[in-house]
Amino acid sequence: MSDTAPVTVEATPRTLTLEIFRYNPADPASEPHFQTYTLEETAGMTLFIALSLIREEQDPGLQFDFVCRAGICGSCAMLVNGTPTLACRTLTQSLDATIRLAPLPVFELIGDLSVNTGKWMRNMSEALETWVHSQEAEDLHAMEEKMDPALAESIYELERCIECGCCVAGCGTAIMRESFVGAVGLNKITRFQLDPRDQRSDADFYELVGTDEGIFGCMTLLGCQDVCPKNLPLQSQLAFLRRKMARTGVAMTFQRRPGK
Amino acid sequence: MKVIHSDVLVIGGGLAGLRAGIGARRRGLDVKILSLVPPKRSHSAAAQGGMQASLANSLKGFGDNEDVHFADTVRGSDWGADQDVVRIFTHMAPKAVRELAHWGVPWNRVRAGDHQVIINGKPVTLTEDEAAHGLITARNFGGTAKWRTCYVADGTGHSMLYAVSDQAIAEQIPVHERMEAVALIHDGSRCFGAIVRNLINGELIAYTATATCIATGGFGRIYRVSTNAVINEGMGAAIALETGVATLGNMEAVQFHPTGIFPAGILVTEGCRGDGGLLLDRELHRFMPDYEPDKAELASRDVVSRHMENHIRKGHGARSRFGEHLWLDIRLLGEEHINGKLREVKEICQYFLGIDPARELIPVRPAQHYSMGGVRTDAQGQSRNLQGLFACGEAACWDMHGFNRLGGNSVAETVVAGMVVGESMADYCLGAGGEVPLSPALVRDFYRREQAHLDSLCGRGEGEKAADLNREMQNLMTDKVGIYRDEAGLSEAVSGLQELLERSKNLHASPAPGANPELVMAYRLPRMLKLALCVAEGALARTESRGAHSRVDYPQRDDSRWLKRTLERWEEGASSPVLSYEPLDVMKMELPPGWRGYGVKDHIPHPDTEKREQEIAAIAQREADRFARQEAALPFKHLLPEQFRPGNARYKETDDV
Ligand SMILES: Cc1cc2nc3c(=O)[nH]c(=O)nc-3n(C[C@H](O)[C@H](O)[C@H](O)COP(=O)(O)OP(=O)(O)OC[C@H]3O[C@@H](n4cnc5c(N)ncnc54)[C@H](O)[C@@H]3O)c2cc1C
């Protein structure tokens, strides 16, 4: 089940000490604690390889989530020495010999290092309606609508988010306010706003994120951008969205007044 | 016993399963989708390079159409594919790309005017039409006559999966995440859903349904070195096999991708070579033109992987502390291209190899990549042996890839098959299938049986460890059922796997409450061993070489004896599959078997081939119009749902190719 690299003869391989958070909510006898494992480092070892080896050889009950193990699917985010990051592409040689691993905060804990990011992301997607809203009929036999090549590339730029949850775990607001949609949600709004195929107006977007659960909840501490494994331009996107939504909010208030 | 009923139960939340679910939902049915992981983390997300569809919008695509795509796919399959299905596929692929464009996929677009590309190692300037500016563009991929692979940088699968997954949310389709189907409920002639284990709390649930669809992806993890995600363990195909009724098709047809990074096996896309990247050996010599003067690096994957392994065997491999490998050189594509169109590749090289591919060479070696085999279905995606059981995507064998799939044809297949199978499941539920009563006793029996099985795995005080058997299985498969195969190695693999299957009867897991990963591995492993045995036994029996199945002791493709599809069934308690064969009818082929245009040129012909070639030539003489010609050679539209029958609009419709 692992991509274990063959053991090589290095000068003196390091012995790694992994302190891993353990807790099984399904077991009434289980108490949250850190458990220590040691193993010998090999060349090119990632945390994926290290954890797989521990599970194979030392503790078959250890829970964690890897899928693509190539930094693409976003399954394996965890706190590595306190910082949210993708474990699969973290090389052990980039860390000290003692490594502390804990599950992402904010998300529901499934067990040990495994958290339920999927449930959180689905709720966020439903709340923010993260799909293209279009009234046009889908004619599959006709030529596609044209799109400027640069625009298509800019949309992809924002769409590279892998919903790993690092930005949520690194966010001061998300930790305090359970319903905050996080940089992941706000970035998605900027993605759909940019897309001409999505016919929602600024006022429609304001309804979704013009609140303290949305863009006005962001305290601009920008923990999100620092930890985003895809280097998304979250700082500028959030600032842009905040200005736009503030303007939209003002415009909407004025529009409403005469009617009242 | 908890029971959840739906009209349609889709097992698998990758591209194929989600798209099939959307189709059935749009027909008003109650659909539920199960997935081991959040659907957006399915392995479809890892597809990098692109999706084939003959839009023909860019200069290097002009002249492309369904016919050219059809011929490329059949040649790629080494004539193993079902040509009806390939026709359905090439007709539907442009519709699928356009549907995805409606749903938000930011396909890369044609830019009018001059742009520089690398072709055959040299810079070339292409000038795109003004009028095509903004249409969907395409890149080059292996084994294709035209540049046909639509793409979103090298995150194509990611963008596709997010669009389709978000569409499923828009259609309010529940996806039950971290749920694993562990057995199909059936009475020997019909399938009624699945017994499912909750991977968070360990609970068993009966998901009953009128139509059940297996869309669980590939089974690459039976190999040690694979580009596949760690969840690609083939459990959908395995539980279909365990019914004893449904069959798996062409399991010996396993694809090895030329460019897994060495030694981790993580993929770098074929787009690297499509965009102009080269393969070099230890002397930094570009060796592929020596073997394939015409297609060079862009012959089909089976052919390129074989030449690479062979070149290493001849002593030209570069050496590293992990063993031998070759080099992929994309430096010539330039930093700007790599940063824009190959950024996942760049990240992978940075993080896993610590190198910058704009400046350094990438160590690569072929790695297991794709499962052509899977649950055998008809052209509508329904099992022929078990009514109400459907399959689509990589888990299925309907069979459009035969013995080798072309790059870019798989993500295209997932969506196309989802479109077709979603409709056929709806037809089934709204027609005959909807009237069959479900027996609660049957559901209870299956539920109890699975519960008892799990209890027995945890009940033994001690026994075999799944991790040990798993390692042995993966080694056997990689060492003996790999790119080059022969009777001795395959026989050893079969007996080794049988021994492991016997030992697996004594597997043991701790009874820890909750997810219990040890138990998960213990119940999956015997199923993986059965799949591995299907691959190895199918390979041992097939005494020819076709596509990715390459027998050193039978190097020729033998159409006279082997123009047929392998079918495998597993009887309860058996230690081997039951093999049978389904002949492919040359007299119905639109493209009779011949030379692929790359690879060796020495196959043994089928006795009907010449006759059929003459018939096809006569049709070509008689019918000037390409559509009429096609219709006369292989009518297929009747196999499609009505709404998908119209033709595809093209920027330039030309008949000369
Ligand atoms: C690294 C890589 C790159 C690739 N690049 C390309 C490319 O550029 N172009 C191309 O055409 N193809 C490419 N492919 C192939 C292509 O990505 C896959 O064949 C395709 O995405 C498979 O889609 P799918 O929907 O059939 O299965 P998957 O996307 O694998 O989804 C399977 C689903 O089934 C679920 N599942 C599995 N078992 C169970 C169970 N027992 N119970 C419940 N749920 C279950 C999983 O959770 C998952 O949701 C690539 C493949 C790899 C490995």
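Above this text is the structure in question.
Predicted model only: the values in this text are computed from it and were never measured.

Caption draft 1: Expanded view of the site of the ligand. All names here are of chain B. The environment of the ligand is made up of 38 residues, and the closest members are S42, H43, S44, E394 and S410. Within the backbone of L15, an N or O atom sits 3.2 Å from an oxygen atom of the ligand. Within the backbone of G49, one N or O atom sits 2.9 Å away from an oxygen atom of the ligand. Coverage of the ligand by the protein amounts to 98% of the 1000 Å² it exposes when considered alone. Secondary structure elements with two or more residues in the shell around the ligand: helix 1 (15–26), strand 2 (31–35), strand 8 (179–186), strand 16 (362–371) and helix 11 (409–430). Examining the composition of the shell around the ligand, we find that four residues originate from one element, helix 11, more than from any other.

Caption draft 2: Expanded view of the sheet that holds strand 20 (residues 564–569) of chain B. Residue and element names in this part refer to chain B. Ordered in space as 19-17-11-20-21, the five strands form an open sheet in which the pairing is mixed. Edge positions in the sheet fall to strand 19 (396–397) and strand 21 (578–583), since each of these pairs with one other strand and no more. Where strand 11 (residues 248–249) lies against strand 20, two bridges are found, and the strand directions are antiparallel. Across the sheet, L248 pairs through a bridge with E568, a residue of strand 20.

Caption draft 3: Quick peek at the interface of chain B and chain A. The interface is formed by 87 residues belonging to chain B together with 77 residues belonging to chain A. Here chain B meets chain A over a buried area of about 6700 Å², counting both sides, of which 52% is carbon and sulfur. Scanning the region where chain B abuts chain A turns up twelve salt bridges. Residue D65(A) pairs with R178(B) through a salt bridge whose shortest N-O separation is 3.0 Å. At the boundary of chain B and chain A, one finds 42 residue pairs in polar contact (both at pLDDT 80 or more). Only helix 3 (83–102), helix 4 (156–170), strand 7 (175–177), helix 10 (343–353), helix 13 (466–480) and helix 15 (517–541) of chain B provide two or more residues apiece to the side of chain B that touches chain A. Here the residues of the side of chain B that touches chain A are counted per class, giving 42 nonpolar, 21 polar and 24 charged.

Caption draft 4: Focus on helix 2 (residues 66–76) of chain B. Residue and element names in this part refer to chain B. Most of helix 2 sits out of view: nine of its eleven residues are buried. Residues of helix 2 that are buried include every one of E66, V68, H69, F70, A71, D72, T73, V74 and G76, and no others. Where helix 2 is buried, its residues touch strand 3 (51–52), helix 3, helix 11 and helix 18 (626–633). Following helix 2 by one or two positions, D78 adopts a phi angle in the positive range, close to 55°.

Caption draft 5: Just the sheet that holds strand 4 (residues 83–86) of chain A, in detail. Residue and element names in this part refer to chain A. Spatial strand order, 2-1-5-3-4: five strands in an open sheet with mixed pairing. What marks the edges here is a single partner per strand, and that holds for strand 2 (33–40) and strand 4. If you compare each strand with its neighbour and ignore which way they point, the axes differ by 35° on average. Inspection of the sheet shows strand 3 (residues 77–80) paired to strand 5 (residues 98–102) by two bridges, in the antiparallel sense. Paired with V80 across the strands is L101, a residue of strand 5. This element, helix 1 (residues 47–57), spans strand 1 (15–22), strand 2, strand 3 and strand 5 of the sheet and lies at about 100° to strand 2.

Rules used throughout
Position numbers for residues count from 1 along each chain, tracking the sequence in the order it is written. Just so you know, chain letters begin at A and ligand numbers begin at 1, following the order they were written in. Reporting of local features is limited, given that this is a predicted model, to residues whose pLDDT is at least 70; pairs of side-chain atoms are given and counted only at 80 or more, and all residues count toward the totals for whole chains, interfaces and linings. Working from all heavy atoms in the structure, the side-chain values ignore hydrogens and water. Put simply, a residue is near a molecule or strand once any heavy atom of it comes within 4 Å of that molecule or strand. Nitrogen and oxygen atoms within 3.5 Å of one another constitute a polar contact, given that in protein one can donate a hydrogen and the other can accept it, and given that sequence-neighbouring residues count only through two side-chain atoms. Accessibility throughout is a Shrake-Rupley quantity obtained with a 1.4 Å probe, and a residue counts as covered only by protein chains that appear here. To qualify as a helix, a DSSP run of H or I must reach at least 4 residues; to qualify as a strand, a run of E must reach at least 2; elements of each kind are numbered from the N terminus. Two strands qualify as a pair provided DSSP detects at least 2 bridges between them. Working rule for contacts: check all heavy atoms of both residues, and any pair within 4.5 Å makes them a contact. Here the quantity called buried area is the accessible surface, traced with a 1.4 Å probe, that two parts lose on coming together, added over both. For salt bridges, the criterion is a side-chain nitrogen of Lys or Arg within 4 Å of an Asp or Glu carboxyl oxygen. Any residue outside Ala, Val, Leu, Ile, Met, Phe, Trp, Tyr, Cys, Pro, Asp, Glu, Lys and Arg is labelled polar, Gly included; the first ten of those are nonpolar and the last four are charged. Classification of residues uses two cut-offs on accessible area relative to the type maximum, computed with a 1.4 Å probe and protein chains only: under 20% is buried, over 50% is exposed, and between them is partly exposed. Geometry is summarised by axes, namely lines fitted to C-alpha atoms with helices restricted to the contacting stretch, and by angles between N-to-C directions that run from 0 to 180 degrees.

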